[in-house]
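Inside the fold
Listed below, chain by chain, are the residues.
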Amino acid sequence: MKSAFTHLALSLTVCIAVLVGYGFWYAAVAEKSAMVTILQGQIDAKSEAVSRMATTRAALAEISGDEAAVQSYFVPETAVVAFIDGLESRARSLGATLDVLSVATGGASARPTLAFSIVIKGTFDAVMRAVGAIEYAPYAISVSDLSIGQDEKKNWSANLKLLVASVPSGAVTNTP
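First things first, this report covers the structure right here in the doc. (Residues numbered from 1 in each chain as written. Predicted model: local features only at pLDDT ≥ 70, side-chain atom pairs only at ≥ 80, totals over all residues. Heavy atoms only, no water.)

1. A few points about the overall build of the chain
- Helix and strand counts for the chain stand at three helices and five strands.
- In summary, the chain has a C-alpha radius of gyration of 40 Å against a globular reference of 16 Å for 176 residues, an excess of more than 25%.
- Counting across all 176 residues of the chain, residues that qualify as buried make up 18%.
- Surface exposure of the chain reaches about 12,300 Å², of which carbon and sulfur atoms provide 63%. (Helix = DSSP H or I, 4+ residues; strand = E, 2+ residues; numbered from the N terminus. Rg over C-alpha atoms; globule rule 2.2 N^0.38 Å. Buried < 20%, exposed > 50% of the residue type's maximum accessible area, 1.4 Å probe, protein only. Areas by Shrake-Rupley, 256 points an atom, 1.4 Å probe, with all protein chains shown as cover.)

Here is the structure:
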């Protein structure tokens, strides 16, 4: 009978050892599984970040051409003379003469502007066409003051005050 009792005790000891081993093994696997879940979350987050970066790069590449188009609506401080020459040539092509009386900067605010005071002279038709051509020029221009008059020689003239959106000379950027 002792041998059956010994076998039973030995069987119970082996069974308990197997259960304890299984518990340790299960805890180790559960810990590794949690670590794998955390790593998978990090991998997913990094993959999503890479995907967002690729999407952002594609969007930037897509709109980089538009940047030059938008920048063309602003007059850089270094291109004021070219802008004035362009206004004079527009007026001349329409049969009017344009004289710039003054140019001033609108300050170094968030939206810098250039203030122009100009006089356009010629026939009524030429003066009005020149005013329209300047007003609808491909720049961010607003006419802040306009007066039209006729002198004693029956020549028409228009006095305009323009506000033109500007960019500081160092602010013109190109996206690579």
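2. Structural notes on the pairing of strand S3 (residues 113-122)
- Counting buried residues in S3 gives seven out of ten residues, a clear majority hidden from the surface.
- Sheet topology note: the strand S2 (residues 97-105)/S3 ladder contains eight bridges and is antiparallel. Within the sheet, the bridge partner assigned to Ser102 lies in S3 and is Ser117.
- Across ten bridges, S3 lies against strand S5 (residues 156-167) in antiparallel orientation. Paired with Lys121 across the strands is Ser157, a residue of S5. (Pairing = 2+ DSSP bridges.)

3. Some points on the nonpolar core
- One finds Phe116, Ile118, Ile120 and Leu162 to be the most contacted residues of the largest nonpolar core, which totals 23 residues.
- Those elements that provide at least two residues to this core are helix H2 (80-93), S3, helix H3 (124-135) and S5. (Core = buried A, V, L, I, M, F, W, Y, C linked by side-chain atoms within 4.5 Å.)

4. Some thoughts on the packing of aromatic side chains
- Under the definition given, this model contains five aromatic pairs.
- With a centroid separation of 5.7 Å and 45° between ring planes, the pair formed by Tyr22 and Trp25 is classed as tilted. Placement of the pair is Tyr22 and Trp25 together in helix H1 (residues 2-71), with a separation of three residues, close to one helical turn.
- Residue Trp25 is classed as exposed on the basis of its relative accessible area of 52%.
- What links up through ring pairs into an aromatic cluster is the set Tyr22, Trp25 and Tyr26. (Phe/Tyr/Trp six-rings, centres within 6.5 Å; stacked < 30°, edge-to-face > 60°.)

5. Details of a nonpolar patch on the surface
- A surface patch of nonpolar side chains, amounting to about 670 Å² of accessible area, comprises Phe5, Leu8, Leu12, Ile16, Val20 and Phe24.
- Structurally, the position occupied by Leu12 is in helix H1.
- With a relative accessible area of 47%, Leu12 lands in the partly exposed category. (Patch = residues over 30% accessible without salt bridge, like charges linked within 9 Å, V, L, I, M, F, W, Y side chains within 5 Å. Salt bridge = Lys/Arg side-chain N within 4 Å of Asp/Glu carboxyl O.)

6. Here we look at the side chain of Ser117
- The topology assignment puts Ser117 in strand S3.
- With residues up to four places along the chain from it excluded, the contact list for Ser117 reads Asp99, Val100, Leu101, Ser102, Leu160 and Lys161. (Contact = heavy atoms within 4.5 Å.)

7. A word on H2
- Under the 1.5 Å per step criterion, the end-to-end length of H2 is 20 Å for 14 residues, consistent within 8% with the ideal 20 Å.
- The set of residues buried in H2 consists of Val80, Phe83, Ile84, Leu87 and Ala91. Within H2, the buried residues cover an arc of 100° as seen down the axis, which keeps them to one side. Those residues of H2 that are exposed and angled more than 90 degrees off the buried face are Val81, Ala82, Arg92 and Ser93.
- If you follow the buried residues of H2, they end up packed against strand S1 (75-76), S2, S3, H3, strand S4 (141-150) and S5.
- With its phi angle positive at about 90°, Gly95 sits one or two positions after the end of H2. (Expected span 1.5 Å × (residues − 1). Arc of directions from axis to C-beta.)

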